[in-house]
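Listed below, chain by chain, are the residues.
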Amino acid sequence: MNDVQPQNLVLSIYPFSRGFAFVFFEGPESPFDWGVKEVKEKHKNTKTLDEIKKLIDQYRPEVLVIEDTSDKESRRNSRIRKLYRMLVHLAAVEYIDLCRYTKSQIKECFASVGATTKYEIAKAIVTQIPAFAHRIPPIRKPWMSEDPRQSLFDAAALGLTYFARNIQSPYADGLSP
Amino acid sequence: MPITKANVRCYLRTHRRVWGLTQLELASLLGLRSASHLSRIEHGKYAPRVEVAIACQVIFGIPPSAMFPHVYTLVEEEVIRNIYGYHLALGNTKTLSGLRKRQLCELVLQRAVTKTSHLEGI
């Protein structure tokens, strides 16, 4: 018998200077859809929000995961911080659960596999999700600007942090030996 | 269930992208006319022909019911409705072939009921 009931989707979004990256997850090892959308227009936040709204209307995710910029380590600019505030409002309007994780929470999540830098985290993600293997950017040198593909891994890291913090191990309740 | 934008969950795009194939490449592998035709299938605007669904299984090893769950659900609901009507029509039959047909209908309906209860907790 085929189980065709679709699973709930988790949408993680990571905006960057030239647009935003998104990943829809069905589970920690099963991404459903992903991509990097470039926004080149003048009113970037409005256009970005429109694009995200389209994605939400298309797939109706249950949870939206974005970065928490209240952390001291966060260095996101005012436009991105404003976009996050708009996303919080959008999630409330669309009745989508919102989860926010700081940079340090993401690093803490990936520290268990020995990944601390963005590149190492991207490598750890590829180990878990081979579908992203051909999208991994080269190691960034000090004189290079960030590769747009990196934002895809930043979005994936947010989604995986959500699963790591919300899926309890059956052995974690203290009842098992 | 009508196909609306919110409930279309086609996995063809996911599997195509997992393997790094472009729409044009997969369209040519599936024997489709164009990439836009494939795009419409991926977005649930067209239901795939049986040849395309089988070709997808040949390429990715995923059965059509798992690759195109929205199409499967539509077809299943229509068939279950027909089977239910047919089962009612066979109500007073006494012939051996009629009883055999009723047995099939009951088996199909039983499968549908089991599946619904199986999914309730999800």
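Residues numbered from 1 in each chain as written. Chains lettered and ligands numbered in written order. Predicted model: local features only at pLDDT ≥ 70, side-chain atom pairs only at ≥ 80, totals over all residues. Heavy atoms only, no water.

A. Layout of the side chain of T161(A). Mapping T161(A) onto the fold places it in helix 5 (residues 148-166). Its relative accessible area of 0% is what places T161(A) among the buried residues. (Helix = DSSP H or I, 4+ residues; strand = E, 2+ residues; numbered from the N terminus. Buried < 20%, exposed > 50% of the residue type's maximum accessible area, 1.4 Å probe, protein only.)

B. Up close: helix 1 (residues 44-59) of chain A. With 16 residues, helix 1 of chain A should reach 22 Å at 1.5 Å per residue; the first-to-last C-alpha distance of 23 Å fits that figure. What helix 1 of chain A keeps buried is the set N45(A), T48(A), L49(A), E51(A), I52(A), L55(A), I56(A) and Y59(A). Down the axis of helix 1 of chain A, the buried side of the element spans an arc of 160°, and every buried residue falls inside it. Buried residues belonging to helix 1 of chain A abut strand 1 (10-16), strand 2 (19-27), strand 3 (30-38) and helix 2 (78-93) of chain A together with helix 1 (12-18) of chain B. (Expected span 1.5 Å × (residues − 1). Arc of directions from axis to C-beta. Contact = heavy atoms within 4.5 Å.)

C. Fine view of unusual backbone geometry. Residue and element names in this part refer to chain A. Even without being a glycine, R60 presents a positive backbone phi close to 45°. As for its position among the elements, R60 is in the loop between helix 1 and strand 4 (63-67). Residue R60 is classed as partly exposed on the basis of its relative accessible area, which comes to 33%. In this structure, Y95 is a non-glycine residue whose phi angle is positive, near 55°. Structurally, Y95 is set in the loop between helix 2 and strand 5 (97-101). On the accessibility criterion, Y95 (76% relative accessible area) is exposed.

D. Focus on a nonpolar patch on the surface. Residues and elements named next belong to chain B. A cluster of nonpolar residues, L29, V50, I54, V58 and I59, forms a patch on the protein surface that exposes about 480 Å² of accessible area. No other element matches helix 4 (residues 50-60), which puts 4 residues into the nonpolar patch. Within the element layout of this structure, V58 appears in helix 4. We classify V58 as exposed; its relative accessible area is 67%. (Patch = residues over 30% accessible without salt bridge, like charges linked within 9 Å, V, L, I, M, F, W, Y side chains within 5 Å. Areas by Shrake-Rupley, 256 points an atom, 1.4 Å probe, with all protein chains shown as cover. Salt bridge = Lys/Arg side-chain N within 4 Å of Asp/Glu carboxyl O.)

E. Layout of the packing of helix 2 (residues 23-30) of chain B against helix 3 (residues 35-42) of chain B. Residue and element names in this part refer to chain B. Look at helix 2 against helix 3: their axes get within 8 Å of each other, and the N-to-C directions meet at 95°. The angle between helix 2 and helix 3 places the two elements in the roughly perpendicular class. From helix 2, Q23, L24, L26, A27 and L30 reach across to helix 3, where they touch A35, L38, S39 and E42. Tallied by class, the residues present in the contact of helix 2 with helix 3 amount to 6 nonpolar, 2 polar and 1 charged. (Axes fitted to C-alpha atoms, helices over the stretch in contact; angles between N-to-C directions. Parallel < 35°, antiparallel > 145°, perpendicular 65-115°, else oblique. Nonpolar A, V, L, I, M, F, W, Y, C, P; charged D, E, K, R; others polar.)

F. Quick look at the layout of surface pockets. Residue and element names in this part refer to chain A. Of the voids in this model, the largest pocket is the one considered here, and its volume is about 900 Å³. Mapped by element, the contributors of at least two residues to the lining of the largest pocket are strand 1, helix 3 (103-111), helix 4 (118-128) and helix 5. The dominant element in the lining of the largest pocket, judged by the number of residues it contributes, is helix 5, at 5 residues. Its residues assigned to classes, the lining of the largest pocket shows 14 nonpolar, 7 polar and 11 charged. (1 Å grid on protein atoms, 1.4 Å probe; cavity = no way out; pocket = protein on both sides within 12 Å on 5 of 7 lines; lining within 4 Å. Points joined across faces, edges and corners; volume = space filled by probe spheres on them.)

G. Expanded view of the state of the cysteines. All names here are of chain B. Taken as a whole, this structure holds 0 disulfides over all chains when the rule is applied. Sulfur of C56: no disulfide; nearest cysteine sulfur belongs to C10 and is 7.9 Å away. For C56, a relative accessible area of 0% translates into the label buried. (Disulfide = S-S within 2.5 Å.)

H. Structural view of the confidence of the model for chain B. When the pLDDT values of chain B are averaged, the result is 86; 88% of them are 70 or greater. The model gives residues 117-122 of chain B a pLDDT under 50, and that stretch makes 4 contacts with residues more than four places away or in other chains. (pLDDT = per-residue confidence, 0-100.)

I. The nonpolar core, seen in detail. Within the largest apolar cluster, 69 residues are counted, with the highest numbers of intra-cluster contacts made by I13(A), F110(A), I125(A), F132(A), L12(B) and F68(B). In this structure, F68(B) is in contact with C10(B), L12(B), I41(B), P48(B), A53(B) and C56(B), ignoring residues within four places of it in sequence. Counting 5 residues, the second largest nonpolar core, distinct from the first, contains I83(B), L90(B), C105(B) and L109(B). (Core = buried A, V, L, I, M, F, W, Y, C linked by side-chain atoms within 4.5 Å.)

J. Structural context of the packing of aromatic side chains. Using the criterion set out here, one finds 9 aromatic pairs over all chains in the structure. For the ring pair W34(A) and F132(A), a centre distance of 5.2 Å and an interplane angle of 70° mean the geometry is edge-to-face. Pair noted here: W34(A) is in strand 3 and F132(A) is in the loop between helix 4 and helix 5, with a separation of 98 residues, a long-range link. Here the aromatic rings of Y162(A) and F163(A) are separated by 5.3 Å at their centres, their planes lie at 75°, and the arrangement is edge-to-face. Residue Y162(A) is classed as buried on the basis of its relative accessible area, which comes to 14%. F163(A) gets classed as buried once you look at its relative accessible area, which sits at 8%. Linked through ring pairs, F20(A), F22(A), F24(A), F32(A), Y59(A) and Y11(B) together constitute an aromatic cluster. The ring of F32(A) is capped by R9(B), whose NZ or CZ atom sits 5.4 Å from the centre of that ring. (Phe/Tyr/Trp six-rings, centres within 6.5 Å; stacked < 30°, edge-to-face > 60°. Lys NZ or Arg CZ within 6 Å of the ring centre and 35° of its normal.)

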